[in-house]
Amino acid sequence: MAKQGDSEAQPTSRVLLEMKRLDVGSAVALVGHPLHVMMVHFPVAFVVATFGIDILYWWSGDEFWVRAGVWSAGMAFWSGVAASIVGTGELLLVRGIRMLEASWSHAVAAMTLVGIAGANWGIRLANPADVLPHGLVVSAIATVMVGFAGWHGGKLVFDHGVGILVSPKD
C-alpha cells in the first residue's frame, strides 16, 4: 500500500513488483488476451481425459474406449503442439520471460509432455491392442507430467505475472 501523501502509489505485491522489474507481458495476444494462457487448457484436458478413457477401457473392455482414446490422444498431441508454438514465441520474443528460470523449466517440461503425448497417440495409431498396458502407462506418465509442467506454468503466472498483461512494447 502507498503511504498517504505519496503522489504515485507504489505496488507492494511481489507479483506487481516483479512485473515492474521485468517486462513479462505477453507478446503473442489476440485483442489483448494472451494466447498461450488460453490455449494450454486444451492439451491438459485431453491428456487427463485420455488417462480416464484408458481406465474406463481397462475397467469395461468396451472397444468404444479404444477409438475414443485415439481421438483424445491425437487432440492432446496436436493442441499441445499449437500451445507449444505460441509458448515458444512468448519465450523468444519477451526478454523478461527468457530471464526467468521457471520459464525454462516450464518449456522443457511442456516439450517433454508434447513428446509423451505424441508417443501415446502413436501407440494407439500403430497398434490399438497395445492400449493395455502400454497406452495406460504412457497416459499415466503424461498425466503426471501435466502436473509438473502446469506447476511451473502456474509459478510463472502467479509468482512472476507472466502473461497477465500484454507487453507494452508495440
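Scope of this entry: the structure provided in the associated data block.

Definitions and limits used
Residues numbered from 1 in each chain as written. Predicted model: local features only at pLDDT ≥ 70, side-chain atom pairs only at ≥ 80, totals over all residues. Heavy atoms only, no water. 1 Å grid on protein atoms, 1.4 Å probe; cavity = no way out; pocket = protein on both sides within 12 Å on 5 of 7 lines; lining within 4 Å. Points joined across faces, edges and corners; volume = space filled by probe spheres on them. Nonpolar A, V, L, I, M, F, W, Y, C, P; charged D, E, K, R; others polar. Salt bridge = Lys/Arg side-chain N within 4 Å of Asp/Glu carboxyl O. Helix = DSSP H or I, 4+ residues; strand = E, 2+ residues; numbered from the N terminus. Buried < 20%, exposed > 50% of the residue type's maximum accessible area, 1.4 Å probe, protein only.

1. Concerning the layout of surface pockets
1) Next: Each pocket or cavity is described by its volume, and for the largest pocket that value is around 770 Å³.
2) Next: Contributing to the lining of the largest pocket are 36 residues, with H36, V40, H106, A149 and G153 lying nearest its centre.
3) Next: Tallied by class, residues from the lining of the largest pocket come to 22 nonpolar, 13 polar and one charged.

2. Regarding the pattern of salt bridges
Where charged atoms from two side chains of opposite charge come close, those side chains can pair.
1) Next: Taken as a whole and judged by the stated rule, the model has two salt bridges.
2) Next: Among the salt bridges present, the one from D54 reaches R124, with a minimum N-O distance of 2.5 Å. Highlighted residues: D54 in helix α3 (residues 41-60) and R124 in helix α6 (residues 101-126), separated in sequence by 70 residues.
3) Next: For R124, a relative accessible area of 1% translates into the label buried.
4) Next: Two residues, D159 and K155, come together in a salt bridge whose shortest N-O distance is 3.2 Å. A residue pair is termed a helical-turn pair when its members lie 3 or 4 positions apart in one helix, as D159 and K155 do in helix α7 (residues 134-160) at four residues.
5) Next: The class for D159 is partly exposed, based on a relative accessible area of 25%.
6) Next: Looking at K155, the relative accessible area reads 30%, which means it is partly exposed.

Distances and angles like these do not, on their own, reveal function.
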